[in-house]
Amino acid sequence: MRMFSALAVAASLACLSAASAFAATDGAGNGNPAVAMPSASAKQAFIDNLIRRMTLDEKIGQLRLISIGADMPAPKLMEEIAAGRVGGTFNSVTRADNRPLQDAAVKHSRLKIPIFFAYDIVHGHRTVFPISLGLASSWDMSVVKHAARVAAEEASADGLDATFAPMVDISRDPRWGRTSEGFGEDPYLVSQSARASVQGFQGSSPANPDSLMAFVKHFALYGAVEGGRDYNVVDMSPMRMYQDYLPPYRAGIDAGAGGVMIALNSINGTPATSNKWLLRDLLRDEWGFKGVTVSDHGAIEELMRHGVARDGREAAKLAIEAGVDMSMADVQYLKQLPDLVKSGEVPMRDIDGAVREVLGAKYDMGLFADPYRRIGAAAQDPKDVNAESRLHRDAARDAARKSIVLLENRHDTLPLAKTGKVAVIGPLADAKIDIMGSWSAAGVAGQAVTLLQGVRDALGANAQVTYARGANITDDPRVVEYLNFLDWDNPEVVQDKRTPQQMIDEAVQVARSADTLVVAVGESRGMSHEASSRTSLSLPGSQLALLQALKATGKPLVVVLMNGRPLDLNWPKANADAMLETWYTGTEGGHAIADVLFGDYNPSGKLPISFPRSIGQIPTYYNQLRIGRPFTPGKPPNYTSQYFEEDSGPLYAFGYGLSYTTFDVSKVNLSAGTLARGGKLDASVTVRNTGKREGETVVQLYLQDVAASIVRPVKELKGFRKIALKPGESRTVHFTIDEGLLKFYNAKLQYVAEPGDFNVQIGLDSQHVGQATFTLK
């Protein structure tokens, strides 16, 4: 490895395009070369030297993050880069696109400072993995990490340096369209997923040529927007922030994320983009974050619409003072900061501080050692960026089938036999673009495997497969217009011109000649997307009518759900013979679903988010705070906290998911009845496969603080283990409990573990648990 001294690094300004030397591997078992990075002092000396040489305009230029095409056309962007007025770009996703932009920076700008290239790579790049909510359903952090690692390898091979991911916002209101992008409702599970994602994206170092720098988003509390309406306000107590909503961001940062994307919402009256407490006091001073912050798209300008800035000048001042390093889709930093500095309203130290973080991120990406680290030479460009050989189908298929949750399976309807006649029906049965889900990066819909194709491939010549669309996604023209608004020339939602009844009649005719019906219903991917908040969680009327007509045929009804949020599933729960929650399973989704349908894979997914019985129950989440008059099943409901028109509790609980086999869990055993400060105790259960098939399940540990100085949750997830057992096989699963697992933020925001009794609950979902008690001394 070549180690750079401070002088050598400074000298590298004269030869920024020289490639660095490589050796060893990246430590992740990938066999890829790792980069030897200079010491912290060398990095600081290099950046200090560079900042001293920069003009004010060049410094401000480094704070601008511009989208090619959306924010300015490529020729204009090239001019801006060459003039030193751009620090990074996003949305250009091939080497051939990025190389001339980097050429403009390192061959034509005065100081030859490289730019970086970013993209929203949330659940895969060219190979699309299940949406994040699906990955979380695997309850397998190796799956989450590997999905991010594959995405990093593919994206870096396309010349990208960074991703605006993972999205780790806690979501407890499924009306919010961006529920699909996150990992669910629970602080512990989302934190584990955040950590695994960052490790996958960055590998052993974001400087490695096959790694991406991760930008954790959206900081902070974005998933708690009022009413589930995207971009709305958040008003929340500090205790709830620290207890429930902040831990996943902290986990991603502690895992080494080099960047943070700032949220669009306001927090207790102050937009995140101008929130000094959030970006300086909490993020940097309390948490010690040393990376770069970036606004969301156009968020600085939006400070005027929030009503906290009179004009663009004040918006830019508020943002830079708060700690927004880079302005995405910038207009105001370029226009306003020069005069704000010259007038003394913004001190140069604020500009230098932001520039230092931007340059530091580029340094950590390895771009000062070699600006073409991921772009490479033109001769190395792939002839076909969408070539099949560039995909990782096996990894995607494995992740997808592990993400599928079996919700219902009456009379062992599943798995299906690979014989007879199977009718595949529904508006999502052959929808290539929808199965990829939102934010599918550079994924190509034509390469996605639909449910129909997956079933046909699984059955081959052994059985007959018939198909009918049966219904449109929706018959509401207003919804169709909204979903197609962004691209009228290439609409994602294409309506069948037949009447709803004609489509149902065809589906019923197909169903009557089949042995089993596999019906794909849910949401188009645009319905579970940014800015796609909903007032209803019901299946669209067209789809419900289809299900009801198919049920009337008397044929076994297998419902395959494709959606990015919990839905109102009361009718299918009561009427379907089997039901799979598949979310959006990605490039290999159809094959993965077929693996589960026909028993080539035994489903093991568990829900990372609760499903309410109705929209009136929102919010419904498992770890709610205890109350003085709780509803207790089996006891009179009067004068208890419940809705009297329907059953209390979720339709499907957090952590729930069935298997094709059955499991028995023993009583909870504790190694001791007391826990001393600084000590540990062991909690264990023995799990036995009582069925006839090998299968996996997730053993879940929950803790309940019996009495504390503040109101505490009814239970909190504190650990989980995924295990595989053969028929008749048993395994004892152990959890170590120490003082750290018992800590919480008290009324003074002190992180403490208070003495007293704690209930240990272990089971296979959040509702069905055994319990034992110990005392913290």
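The structure we're discussing is the one just above.
Residues numbered from 1 in each chain as written. Predicted model: local features only at pLDDT ≥ 70, side-chain atom pairs only at ≥ 80, totals over all residues. Heavy atoms only, no water.

Draft legend 1. Up close: the packing of helix α11 (residues 276–286) against helix α13 (residues 312–322). Running from N to C, α11 and α13 cross one another at 15 degrees; their axes reach a closest spacing of 8 Å. In terms of their interaxial angle, α11 and α13 are classed as roughly parallel. The two elements α11 and α13 meet at a crossing, and its hand is left-handed. Residues Lys-276, Leu-279 and Arg-280 of α11 lie in contact with α13, whose contacting residues are Ile-320, Glu-321 and Ala-322. A breakdown of the residues in the contact of α11 with α13 according to their chemical character gives three nonpolar, no polar and three charged. (Axes fitted to C-alpha atoms, helices over the stretch in contact; angles between N-to-C directions. Helix = DSSP H or I, 4+ residues; strand = E, 2+ residues; numbered from the N terminus. Parallel < 35°, antiparallel > 145°, perpendicular 65-115°, else oblique. Left-handed = near helix turned anticlockwise from the far one by under 90°. Contact = heavy atoms within 4.5 Å. Nonpolar A, V, L, I, M, F, W, Y, C, P; charged D, E, K, R; others polar.)

Draft legend 2. Representation of the pattern of salt bridges in the model. Summed over all chains, the structure comprises 47 salt bridges. In this structure, Asp-364 and Lys-43 form a salt bridge, with 3.0 Å as the shortest nitrogen-oxygen distance. A residue pair is termed long-range when its members are at least 10 positions apart, and Asp-364 in helix α15 (residues 348–364) and Lys-43 in helix α2 (residues 40–53) qualify at 321 residues. Overall, the relative accessible area of 28% leaves Asp-364 in the partly exposed class. Of the charged contacts, one joins Glu-388 and Arg-393 as a salt bridge, the two residues approaching to 2.4 Å between their closest N and O atoms. Shared partners join several salt bridges into a network, and the residues in it are Arg-64, Lys-76, Glu-80, Arg-85 and Asp-330. (Salt bridge = Lys/Arg side-chain N within 4 Å of Asp/Glu carboxyl O. Buried < 20%, exposed > 50% of the residue type's maximum accessible area, 1.4 Å probe, protein only.)

Draft legend 3. Quick peek at the sheet that holds strand β18 (residues 578–581). Overall, mixed pairing links the six strands, which are arranged β13-β18-β17-β16-β14-β15 in an open sheet. Each having just a single partner strand, β13 (405–409) and β15 (464–468) make up the two edges of the open sheet. Between one strand axis and the next, the sheet turns by 20 degrees as a mean value, whatever way the strands run. Bridge count for strand β17 (residues 557–562) against β18 is four bridges, and the pairing is parallel. Bridging from a neighbouring strand, Val-559 pairs with Met-579 of β18. The strands touched by helix α18 (residues 451–459) are β14 (421–425), β15, β16 (516–522) and β17; relative to β15, the strand with the most contacts, the crossing angle is about 170 degrees. Sitting on the sheet, helix α23 (residues 589–597) touches β16, β17 and β18, and the angle it makes with β17 is about 145 degrees. (Pairing = 2+ DSSP bridges.)

Draft legend 4. Fine view of the packing of α2 against α15. Contact geometry of α2 with α15 gives a least axis separation of 10 Å together with a crossing angle of 130 degrees. Between α2 and α15, the crossing angle belongs to the class labelled oblique. Of the two elements, α2 crosses α15, and the hand of that crossing is right-handed. Between α2 and α15, the contacting residues are Ala-42, Lys-43, Phe-46, Ile-47, Asp-48, Leu-50 and Ile-51 on the first element and Asp-352, Val-355, Arg-356, Leu-359, Gly-360, Tyr-363 and Asp-364 on the second. Tallied by class, residues from the contact of α2 with α15 come to eight nonpolar, one polar and five charged.

Taken by themselves, the reported measurements are silent on function.
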